[in-house]
Structures are given as C-alpha cells and as structure tokens.
Amino acid sequence: AENVEHLNFQAEAKQLLRLMIHSLYSNKEIFLRELISNASDAADKLRFEGLSDTALYESDPDLKIRIAYDKEARTITISDNGIGMSRQEVIDNIGTIAKSGTREFIDSLTGDQARDANLIGQFGVGFYSAFIVADKVTLTTRRAGLTTEHGVRWESSGEGEYTLETVEKRDRGTEVVLHLREDEDELLSSFQLRSIIRKYSDHITLPIIMKKEVWDDESKAYKISDEEETVNQASAIWARPKNEITQEQYDEFYKHVAHDFEPPLAHVHARVEGKQEYIQLLYIPAHAPFDLFDREHRHGLKLYIKRVFIMDDAEKLLPGYLRFVRGIIDSNDLPLNVSREILQESKDIDSIRAGSVKKVLGLIEDLATSDKSEDQEKFKIFWREFGQVLKEGVAEDYSNRERIAKLLRFTSTHDEQEEQTVSLDDYIARMKPEQEKIYYITADGLKAAQSSPHLEIFRKKGIEVLLLHDRIDEWLTANLNEYAGKSLQSIAKGDLDLGKLEDEVEKQEHEKEAGDFQELTAKMKEVLGELVKDVRITYRLTESPACLVADTHDMSGNLGRLLKSAGQ
Ligand code: ADP
Ligand code: MG
C-alpha cells in the first residue's frame, strides 16, 4: 500500500536481536510474560492519565488483557485496552532499541548464556522477546483520546527494518500478533498458554482473558467457544495473606514491577495499621541497574490507593539512597485524586516514607546479622551492588545515620582483603584497650591506601586502620564524625595524636627531639616557602623519610585530587 512507510532500526538492532534470541531461547516462554507486562503497564498509564481526564476511557472502562491463538494462521494475539500509542510513540518506543550505551552493552556480552540473558534483561528488551518465538510481529495500536482513524500498524520480522502504516482502529489500546516461527507449534494450545500465564503472570491485577474451549463430540476435539474466562487470579498479590503467596509468585511480581529478568535478593511484605493504613511490598534487586548513578535514573515505587494503580516511580516514597528498591505501596488513606504535586507536600506521604525506610533498613539488617550462610551471602551481594549508594544515606538521612553506619562495610589493614567486609562494630571490637578513635585513611584506590606512608606507625603498633577508597568515601567521612561514641580520625590529617596509644617515655623523647630539630625544620620551611604550611618532625613514619599531611580542617589530599580532576 502507498501509505506504508519503511523505516530502519538503529544499526546495532539486528545484532542485538540475534544475540537476544540466542541467549533467551532456553527460556522462551517469557515472551508472553513480557507482552502481558507491557499490556498491564499500558493499563496503569491509562489509569494515571484518566485521573485527570476521564474521557480517555471512551465507553470502555473495564481494563483487561486478552490472549487468543489461531491454529490455522499459526498466530498468538495479545491485546489490551490500555493507553495505546501514537505514531510518534510507536517510533520512539518500539522502533528504537538503541538507548545510550547500546554499543558498549553489546560489547559486554560474552556468549555465556546465563550471564548474557541477565544482562539483556537489565538492558530491557522486553517487547523484542516476541522475536524469540515469532518471525514476524504485527502491532496495531491507537492511543486513548485519538480518533479511530489515528490507528498505527507496526510490522517487522526483526531483521533491522520495520514498516509503519496508518490504519483505522476502533478499539483503544494495543494488539500484538505473533506469527510463530517454524518449530513453535506447541504454543498453539490453550493448555500451554494458560499454564504459561499462570506461571508468570498470575500476579497481574487486570483480568487476563481467554476464550473457553469446549469438547466437540462431532469432531472429537476441543473447540474454541465464544464464552470468555479469566485465566489469572487477577487480584493484587500484596493484598493476599503472606502464607498464600509462593516464592515464585513474589519473584514474578518483582520481575514485572522492576522490569528485571532476575529474581530479587530479598523482599519485605507488611501491612501497616494505625494512624496511616497501608501495605508495603518492597524488594531489593540482586544486581544494580546500568544507570544507578545516572541522575535520570528511574526510581521510586509504584503507588496504589485501595488497590487502584495511581502512579509509577513515585520518588517521594523513598529517599535517594534507597533508589535501588523496587515494589509497591498501597495506601488506604490517600485521596484517589492525588497528584505528584500533592505528594510533594503530603504529611501522610512523609510518614509512609519513614515507614518504608525503616522496613528496608530492617530487611538489610536481617541479612547482615543472620547466622544463615545463605543470608550472609545475600548481604555480600547487597553490599557489592548497592553499598556505595547506601553510603549516601549517612549524609542524606540524619535520623537513621547510626543505623546506616552500622551496615557499612570497609576494607581494613586487619585482613587486607579487597572485599569490603569489616563493619565499624568489628573494628571497635578489635580496638586496643587504650585506643579511643576509629582510624581511617582515604585514597583513590585500594593499592594507594595500602601503600600510604601514613600507615607505617599504625602497622608498627598493630593498630587497625580502615582503608577507604571509594569515590563517595570523602563525602562519607565528612558526614560521619563519630560512631558508637568513638570519633573517626583520618590518619593523614593534622598532628598525629595517638592519645594513650603513645607511651609517656616515647612522648617525652619526641618532644625533646622536636626541640633539637627546630632549626632544621625552620630552615626547610623557609626553603619550601609557599608550597607548605609547616614542616614538622613526625613519628608517623618508620621507613619513609617524609610525607605530606593535610591540616585538621583542610580538605584531605585525596579530596583535593578529586576536586581537581572534576575541574574545580
Ligand atoms: P519496558 O516495558 O521495560 O519499558 P519494553 O521493551 O517491554 O520495555 O517496551 C518498550 C515500550 O514500548 C514501553 O515502555 C511502552 O512505552 C511501549 N509499549 C510496549 N507495549 C505496549 C502496549 N501494549 N501498550 C502501550 N505501550 C506499549
Ligand atoms: Mg516491558
């Protein structure tokens, strides 16, 4: 037809699709989960926009998802009456695989199927999983609010090109038709489709509907009837009692809300009663997303009010340092017409947020203090993936500072291991009887920290020093002056006062020597001029002849370097 436009995917798309099909094939039935998940998201979006514009519902207010198959045509059809897409939205959302970083992403794939599948999942190729089982996909959609002649048909065989056509579409929403590949006929079965839906999509709150099949005596086979039935439970998983929810159901719900392929690390599910009534179902993912440190990073929880979806990414529900948490909050008290602006001001939201922070910190604490090795392993994964983000909390969340500080893990001179496993409590338990402070050094790498001359005297005296070498650590120590009544002391700053760790005889000797060398240090200071503030005799060193020290209130050498490299 003349109205058909041919367009190309971005250059990397073809390669990406091939890799994806290859690495996800062993788990191919997830295509249905992904398409149902999109249909459910589309319904959520309609609900959100419908809050301020009820006309979007047209005359079709009951949101649902339909799944059908056709044995003759060898197709499976997934349709929804959600928000739909305009022509431009189809081009932006469906015709685009390449996000920033696609090239790097493709290069990071190794051919290890499990690892690649996980990476691909994180990268988010949800819709394209249709091509695992289909060699042609036809998507027809009309955005809510547009008239029927503004339908759009997108079609592709996943080979790098797609076509776009303007069509008439009576019903609002999206219909995806999968033309199955040669060997996929087993999917053309009511039994198969239903069991896939129950396995992966039972938690979807919308009804997922299929036509009933009835036994036909004449042809001695099941026949598709006109009667419809709901295949999933279609009730909010979080509203069910905990003991009626299986681990698999929790995991599949997580995959849907988090757009993740991997199951989560841990979850907490609670019903809060009292002044505010709400349900929380919160998850900690098992891996950090690609864009955890990107300012644009999508974060926040899904907000429901009395089981009705209100909005995605309600970032007001959690502080920035917990932005990796995924899940939902379902409030019984907030008004249904709540908006992002209202949320900004709401005292109710403040208390829900404080409650959510408590729950998440509690969940992490449970992992950290558990004596089950399985939990300890999970805590290690948590720390590796999100420890750096959690550190932000020390500065961001004053009221929970001590709790967060308790969860921090560091490398230290105690075991010199690369993995950060030493807690402040571990450190304190190993402190010398006369020791009053928690000593640390910051550097821009573990090697640099370990080889710092400032450590010499501590090594000699057998005093443990924390080796802080993450970028955020300067920020952390600037905001954490004390823990459990012990002050944190940089060993690279100011006069090294070892307090009671230095014995009296040593001290007197040192003072005398400082006097003896006064002439020399004065001379050196004169020669170095502007370059230094002072020259002093030191006992920090046992092997190196000299070292640079920052003044107590000056920024450390490492922070100075960081700011310089950031162009400050
Ligand atoms: P994700 O769901 O993680 O955003 P997908 O590849 O699954 O990634 O989908 C890409 C985008 O395409 C969605 O974000 C959405 O904007 C759009 N989309 C996909 N399916 C539908 C649908 N059924 N209705 C409306 N929009 C859809
Ligand atoms: Mg999706």
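Basis of the calculations
- Residues numbered from 1 in each chain as written.
- Chains lettered and ligands numbered in written order.
- Predicted model: local features only at pLDDT ≥ 70, side-chain atom pairs only at ≥ 80, totals over all residues.
- UniProt positions renumbered as here; feature names shortened; annotations may be inferred.
- Helix = DSSP H or I, 4+ residues; strand = E, 2+ residues; numbered from the N terminus.
- Buried ≥ 20, exposed ≤ 12 C-beta atoms within 10 Å, placed from the backbone.
- Contact = placed C-beta atoms within 7 Å.
- Pairing = 2+ DSSP bridges.
- Axes fitted to C-alpha atoms, helices over the stretch in contact; angles between N-to-C directions.
- Expected span 1.5 Å × (residues − 1).
- Arc of directions from axis to C-beta.

The name an unreviewed UniProt entry assigns to the protein chain is Chaperone protein HtpG, from the organism Nitrosomonas eutropha. Checking UniProt for the protein chain, the heading Subcellular location (unreviewed entry) contains the comment "Cytoplasm". Quoted verbatim from the Sequence similarities (unreviewed entry) field of UniProt, the annotation for the protein chain is "Belongs to the heat shock protein 90 family."

**Looking at the overall build of the protein chain**
Scanning the protein chain for helices and strands turns up 19 helices and 19 strands. Within the protein chain, buried positions represent 34% of all 568 residues. The contacts of the protein chain with a sequence gap of at least 6 include a subset with a gap of at least 24, amounting to 69%.

**Brief notes about the sheet that holds strand S12 (residues 301-305)**
The 5 strands lie next to each other as S10-S11-S14-S12-S13, forming an open sheet whose pairing is mixed. Bordering the open sheet on either side are strand S10 (266-272) and strand S13 (308-314), each of which pairs with just one other strand. Taking each pair of neighbouring strands and ignoring which way they run, the sheet shows an average axis angle of 15°. Sheet strands touched by helix H8 (residues 247-258): S10, strand S11 (278-284), S12 and strand S14 (326-331). Its angle to S14, the strand with the most contacts, is close to 95°.

**Things to note about the environment of alanine 43**
Following the sequence through the fold, alanine 43 ends up in helix H2 (residues 30-52). For the pair alanine 43 and isoleucine 21, spaced 22 residues apart in sequence, the C-alpha to C-alpha distance is 28 Å. Residues in contact with alanine 43, not counting those within four places in the same chain, are Leu63, Asp80, Gly82 and Leu206.

**Let's talk about helix H1 (residues 13-24)**
End to end, H1 covers 16 Å across 12 residues, agreeing with the expected 16 Å (1.5 Å per residue, within 8%). Within H1, the full set of buried residues consists of Ala13, Leu16, Leu17, Leu19, Met20, Ser23 and Leu24. With its buried residues spanning 165° around the axis, H1 presents them on a single face.

**Concerning the sheet that holds strand S15 (residues 411-412)**
In spatial order, the strands read S15-S17-S16-S19-S18; together these 5 strands make up an open sheet with mixed pairing. The outermost strands of the open sheet, each flanked by one partner alone, are S15 and strand S18 (482-483). Sheet analysis places S15 next to strand S17 (residues 466-468), joined by 2 bridges and oriented antiparallel. Opposite serine 412, over in S17, you have leucine 466 as the bridge partner.

**Side note on the pairing of strand S5 (residues 151-156)**
Bridging between strand S4 (residues 134-142) and S5 involves 5 bridges; their strand directions are antiparallel. Looking at S5, one finds that leucine 139 is bridged to tryptophan 154. Of the pairings in the sheet, the one linking S5 to strand S6 (residues 161-167) comprises 6 bridges and is antiparallel in character. Paired with arginine 153 across the two strands is glutamate 165, which belongs to S6. Turn length for the S5-S6 hairpin, with the two strands adjacent in sequence and antiparallel, is 4 residues, and the turn residue glycine 158 shows positive phi of about 70°.

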